[in-house]
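Structure assessment
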Amino acid sequence: MAGPGEVPPVPGWVRRVMRRTMAPEDIRVVLSELEELHVRWRITLGPRRADRRYRRELRRYPVRLLARSLGHRSRHSIRLRDRTSRATPVSIGTLAQSARALARAPVLSAAIVLTVGVGIGGCTAIFAVIDALLLRPLPFPDADRLVWIHTDAPPNRFPLSVVDYQALEAQQTSFEAVAAFDRQVRTFTAPEVAERISVTAVTPGLFELFGVSPLSGRTASSEEGMPGGEATVMVTAGFASRFLGTGRADGAEALGRTIILDGTQVTVIGVLPQNFGPVGGDAEVFTTLRLEPPTRKGPFFLAVFGRIAPGTDRATAAAELRAINRRIFPLWAASYQDERATWGMMDLAEALRGSVSRLLFILMGAVGLLLLVATMNTANLLLARVGSRRRELAVRTALGASPRRMVSHLLLESALLAGGGVLVGLAASQGIIDLLPVVASSYIPRLDEVRLSGTVLGFAAFLALGSGLMFGLISALHGIGGDVAQDLRTGGRTATQSLRQQRYQRLLVAAQLTAAVPLLTGAGLLASSLVNLQRVDPGFDAQNLLTMRVSLSRGTYSDVEDRRQFWDQMLERLSTVPGVVSVGLASSRPPEELAITNNFDLEDRPTPPGQSQPVVPWVVADQGFFQTLGIPLLSGRMFDEVDITDSSPPVVLVDEAWARRFFPGEAAVGRRFRSGGATSGPWTTVVGVVGEVPYSGVGREGEGTVYQPGPSYLTDPFLNVRAAGDPARLMPLIREEIRRVDPTVPLTRIGTGETLISSSLAQSRHLTLVLLTFALVALLLAVIGLYGITANSVQRRRGEIAVRLALGGSPGAVLGHVVWQAMGLAVAGLVLGIAAAIALSRVLSSLLYEVSPNDPRTLAGVAVLLIFVSLVASALPGSRAARVDPTSALREE
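About the cut-offs
- Numbering of residues starts from 1 in every chain and runs along the sequence as written.
- Totals for whole chains, interfaces and linings use all residues, but because this is a predicted model, local features are given only for residues with pLDDT of at least 70 and pairs of side-chain atoms are given and counted only at 80 or more.
- No hydrogens and no water enter the side-chain calculation; it runs on all heavy atoms of the structure.
- Labels follow the DSSP assignment, with helices taken as runs of H or I lasting at least four residues and strands as runs of E lasting at least two, numbered in each case from the N terminus.
- To sort residues, take the accessible area from a 1.4 Å probe on protein chains only and compare it with the maximum for the residue type: under 20% means buried, over 50% means exposed, and anything in between is partly exposed.
- By definition, residues are in contact when any of their heavy atoms lie within 4.5 Å.
- What sets the accessible areas is the Shrake-Rupley method with a 1.4 Å probe; for residues, cover comes only from the shown protein chains.
- Throughout, an axis means a line fitted to C-alpha atoms (over the contacting stretch in the case of helices), and angles, computed between N-to-C directions, take values from 0 to 180 degrees.
- Oblique is the label for any angle not covered by the other classes, which are roughly parallel (under 35 degrees), roughly antiparallel (over 145) and roughly perpendicular (65 to 115).
- Here a crossing is taken to be left-handed if its near helix is turned anticlockwise relative to the far helix by less than a right angle, and right-handed if that turn runs clockwise.
- In this classification, the charged set is Asp, Glu, Lys and Arg, the nonpolar set is Ala, Val, Leu, Ile, Met, Phe, Trp, Tyr, Cys and Pro, and all remaining amino acids, among them Gly, are polar.
- Looking at any residue, its pLDDT shows the predictor's confidence there, from 0 to 100.
- Surface patches are drawn from residues lacking salt bridges whose relative accessible area is over 30%; two like charges belong together within 9 Å, two nonpolar side chains (Val, Leu, Ile, Met, Phe, Trp, Tyr) within 5 Å.
- Salt bridge, as used here, is a side-chain nitrogen of Lys or Arg placed within 4 Å of a carboxyl oxygen of Asp or Glu.
- Only buried residues count toward a nonpolar core. Its members are Ala, Val, Leu, Ile, Met, Phe, Trp, Tyr and Cys residues joined through side-chain atoms within 4.5 Å.
- By definition here, a helix of n residues has an expected span of 1.5 Å times n minus one.
- The quantity called bend is, for any residue, the angle between two axes fitted respectively to the seven residues ending at it and the seven beginning at it.
- At least two DSSP bridges between two strands are needed for those strands to be called paired.
- Pairs of N or O atoms are called polar contacts if they sit within 3.5 Å, as long as, within protein, a hydrogen donor faces a hydrogen acceptor (for residues adjacent in sequence, only side-chain-to-side-chain pairs).
- The pairing test for Phe, Tyr and Trp rings, Trp by its six-membered ring, is centres within 6.5 Å, and the orientation test on the planes gives stacked under 30 degrees, edge-to-face over 60, and tilted for anything in between.

Structural notes on the overall build of the chain
The helix and strand tally for the chain stands at 26 helices and 23 strands. Residues counted as buried form 52% of the 893 residues belonging to the chain. Nonlocal contacts in the chain, meaning residues at least 24 apart in sequence, comprise 82% of its contacts between residues at least 6 apart. Accessible surface, the chain as shown: approximately 39,800 Å² in total, 58% of it carbon and sulfur.

See below:
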């Protein structure tokens, strides 16, 4: 008996007979199959009986080989009946055998694993984002009862005012609690530190509303939230560790210490966990929001949240919000006249994810099509491999492998390939997830929450299972059946098998081409849109422009006159720096950084009673802003020194879009209005019309912008510098001059004009690049499939082609015949693909600029590209067919 786990040796005479009657590859297959059976017999029959059965089958097999060579055995006479095949599970030996089979084709196996892995990786990464933003519950207790409460003035939704929040807090009965916050940017100063940081000012009770407990200390009391209350602050554990030198995980050493924000000392009363949650954003400091008694309905700046009380339905809560709004409207009608505006609420999860859902589903659809193409390409490769393995599979069948076992064997090979693909996919998806915050944080929120969770890993396993079953079943169904005797004699190249296999391969290639066309079309549409956006005139001269935010401490510069002196001194010093052409200040920065919007009512065209006043971008700017950015004056005049004095009548500049919107075909200069909902006071006069500059992104239709003089009142405007040469070289000089005026003033958001425009186009550029990459990969896979099936057809019909050439057929006719057959598949895939593209491209309409979803030029370009690459893919094997030597080919046959 053989030792434990050992296989008895093969008798020498058996090995000699096998060498004379079988190919070396077939010998390895037979012995491998018998070794696998020996493992299974040891499990079911015991070691002794397994050894005896193994030796018996070894002795019987040469007899069957001799009978086969004499032609005296039937299709079923050589089957080995394996009574345990149905009951025995997959063993280690079976896995090893499948792995060895794949290892005999390393290039093919690696190509399949990488191809499937790329598709699974892309799908998994996008699904991880969808899971974080759309599927995973928010990390707050009873998050389904949390809502965002907003002002609803169709088509706009915006925050509440102090008036609104105080009325809501006092009168509501449908919510367990309500709370609000205001995101701010403050200057944090410490020894050798002057840094502009994100700060969230919160009302007492906000952390209790979200179920967040401090690691140490406490949250703010209601007294600290009253006007004149003590200035207190909560910090995160990370902030306490970095800036306050705490060593404990709960940051308890920071309690009672003071920090300086905008020149004012505030006391640390609590330390929060590092990740407060998606509502907290990137803030690490949370001050106590003290609301002063309001004098008018606006401004609207408070983000208000509530937790619906248990047992209260949403309809009741929404109705109460509207009722409270109606009750307080008459009290403040003098400062706010939009009677149609009411209060609404939205699930917190929906409010946080914003409008990113469409973008994510577009990406998921694109990468899903890529995975589909990759899976069909894999099925085609395995189908071709099955055709070349007919002899091997016939040998296994002759050894007694049942159809069920053969299917299991082929499916196990596919499972190993899919398993390798999912490992590659997980590595790729983690790389994509790590890259997303770097490239997409400006338009996809909460990317710091994206991770490979259990749900995501389950989704990846589902993709691997689905793709593995798809290409595994196709290859398995073509790997069983047929005439075993004929396969053993001819290697499996029977006419019936070839025709059936060819039919399925052609269908798979046509399907790959069909799936690639929508991807190509989507990429083409986005590329055309991006080209159009890049051609848009931004309205300002981005060359040699340097811009940054200069932030003053509200404590140090609390007085208007102090701020005015700082800006005057700073601008004067900067204007003398060598290489500086001009400087200017503004509260906002084009093309997509807008700080303020405001409503107004025209004198000669007042808003009808009860209707919403128009709301437009509102920019506070000085005289140098327009010269520095190169914004032209179209009519009227610019600001002068008198306009910025407190005693002068209020004046504004408006842009061309504002004039076109409110006074089409008429002069806008000299028109007057009152802003902010005011019904009394002096009128504001339009003194000039300037060129249009976007503040909501390049290519977006402007609503009209109003420019108000007086940036000296601002604490953190944007400083814009026009340079004579490279603006980056001026940055050290500018920093030094500002430091000489006040060394504690931080500079942030530094960038050039070109980087501002590039950032505005980031989403369009990234989405175009991603879709274009997917499309090219899908096209490459489809063309490889077309080339493969054409080359395989030429090789299989080599004898037929030789006969045609011997009988006088021309090489050109042979080439044309091969190309014609391949182009039939390409045209079929193109027609079906264009139909699918027309149906699917409409989902891109909101992302396109001056391009129709059914743009005929894009569709024509896709058609030309697909036809061209298909011609190349079919002409290469066709040219080889045309060069076949009839004599040599017929002799080989």
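What to know about the packing of helix H6 (residues 162-171) against helix H9 (residues 314-328)
Interhelical geometry of H6 versus H9 gives an angle of 120° and a closest axis separation of 10 Å. When the axis of H6 is compared with that of H9, the two are oblique. Along this stretch, H6 crosses H9, giving a crossing that reads as right-handed. Contact with H6, carried on its side by Val 163, Asp 164, Ala 167, Leu 168 and Gln 171, involves Glu 320, Leu 321, Ile 324, Arg 327 and Ile 328 of H9 and no other residues of that element. Broken down by class, the residue content of the contact of H6 with H9 amounts to six nonpolar, one polar and three charged.

Section: the confidence of the model for the chain
Across the chain, the average pLDDT comes to 83, with 87% of residues at or above 70. Segment residues 69-90 is flagged for pLDDT under 50; beyond a separation of four residues in sequence, or across chains, it makes 43 contacts in the model. Contacts from residues 491-497, a stretch scored under 50 in pLDDT, to residues over four places away or in other chains number 13 contacts.

Side note on a nonpolar patch on the surface
Where nonpolar side chains cluster on the molecular surface, the patch consists of Tyr 787, Phe 868, Val 872 and Leu 876 and spans about 370 Å² of accessible area. The biggest single contributor to the nonpolar patch is helix H25 (residues 856-882), with three residues. Locating Leu 876 in the fold gives a position in helix H25. According to the relative accessible area criterion, Leu 876 is partly exposed, its value standing at 45%.

Regarding the nonpolar core
In terms of nonpolar packing, the biggest core is built from 85 residues, with Val 129, Met 364 and Ile 444 touching the most fellow members. Elements represented by at least two residues in this core include exactly helix H5 (106-135), helix H11 (357-388), helix H13 (403-440), helix H14 (454-479), helix H16 (495-535), helix H22 (762-796), helix H24 (811-840) and H25. When residues of this core are assigned to their parent elements, the largest contribution, 15 residues, is made by H11. Setting aside its immediate chain neighbours within four residues, Met 364 contacts Cys 123, Ile 126, Phe 127, Ile 130 and Phe 459.

Description of unusual backbone geometry
In the segment running from Pro 590 into Pro 591, the intervening peptide bond is cis, with an omega of 10°. Within the secondary structure layout, Pro 591 lies in the loop between strand E14 (580-586) and strand E15 (597-602). Of note in the backbone geometry, Arg 446 takes a positive phi value of approximately 60° without being a glycine. For Asn 544, which is not glycine, the phi torsion reads 60° and is therefore positive. When you line up the elements, Asn 544 lands in the loop between H16 and strand E13 (545-550). On the accessibility criterion, Asn 544 (28% relative accessible area) is partly exposed.

Points about H25
Compared with the 39 Å implied by 1.5 Å per residue over 27 residues, the 37 Å span of H25 between its first and last C-alpha is a close match. At Ala 875, H25 shows its maximal kink, close to 30°; a proline, Pro 877, follows between one and four residues later.

Describing the pairing of E13
Of all six residues in E13, six are buried, a share of seventy percent or more. Residues Leu 545, Thr 547 and Arg 549 line one face of E13 and the alternating positions Leu 546, Met 548 and Val 550 line the opposite face, and both faces are buried. Note: E13 against strand E23 (residues 747-752), four bridges, orientation antiparallel. Of the residues in E23, the one forming a bridge with Arg 549 is Thr 748.

Quick notes on the pattern of salt bridges
Tallied over the entire structure, the rule returns 30 salt bridges. In this structure, Glu 176 and Arg 145 form a salt bridge, with 3.6 Å as the shortest nitrogen-oxygen distance. Linking Glu 176 in strand E4 (residues 175-190) with Arg 145 in the loop between H5 and strand E1 (146-153), this pair joins segments that are 31 residues apart in sequence. Taking the relative accessible area as the measure of exposure, Glu 176 reaches 46% and is therefore partly exposed. The partner of Arg 196 in a salt bridge is Asp 262, with the nearest N and O atoms 3.5 Å apart. Residue Arg 196 is found in strand E5 (residues 193-202), and its partner Asp 262 is found in the loop between strand E8 (258-261) and strand E9 (264-272); the two are separated by 66 residues along the sequence. Its relative accessible area of 11% is what places Arg 196 among the buried residues. Here the salt bridges do not stand alone but share partners, grouping Arg 573, Glu 736, Glu 737, Arg 739 and Arg 740 into one network.

Concerning the pairing of E4
Pairing geometry for E4 and strand E11 (residues 300-308), over six bridges, is antiparallel. Across the sheet, residue Phe 181 finds its bridge partner in E11, namely Ala 303. Note that E4 and E5 share 10 bridges and pair antiparallel. Considered in E5, the bridge of Phe 181 is made with Val 202. Counting the residues in the hairpin turn of E4 and E5 gives two residues, including Glu 192, whose phi is positive at 65°.

Focus: the side chain of Arg 307
Among the structural elements, Arg 307 can be located in strand E11. One polar contact links the side chain of Arg 307 to the main-chain carbonyl oxygen of Pro 141, over a distance of 2.7 Å. Reaching out from Arg 307, the side chain makes a polar contact with the backbone oxygen of Asp 142 at a distance of 3.2 Å. Filtering out sequence-adjacent residues up to four positions away, Arg 307 remains in contact with Pro 141, Asp 142, Arg 145, Leu 146, Phe 175, Glu 176, Ala 177, Leu 209, Phe 210 and Gly 211.

Concerning the environment of Thr 287
Relative to the helices and strands, Thr 287 is located in strand E10 (residues 285-288). For Thr 287 and Val 199, which are 88 residues apart along the polypeptide, the C-alpha to C-alpha distance reads 7.1 Å. Non-local contacts of Thr 287, meaning those with residues more than four positions away in its chain, are made with Arg 186, Val 199, Thr 200, Ala 201, Val 202, Thr 232, Val 233 and Leu 261.

Observations concerning the packing of aromatic side chains
Tallied over the full model, the rule gives 23 aromatic pairs. Judged by centre distance (4.9 Å) and plane angle (50°), the rings of Phe 140 and Phe 210 are tilted. You can see Phe 140 sitting in the loop between H5 and E1 and its partner Phe 210 sitting in the loop between helix H7 (206-209) and strand E6 (216-217), a full 70 residues away along the chain. By relative accessible area, which is 0% here, Phe 210 ends up buried. Both rings, one in Phe 239 and one in Phe 243, keep their centres 4.8 Å apart while their planes meet at 45°; by these two values the pair is tilted. Of this pair, Phe 239 and Phe 243 both sit in helix H8 (residues 237-243), four residues apart, which is roughly one turn of the helix.

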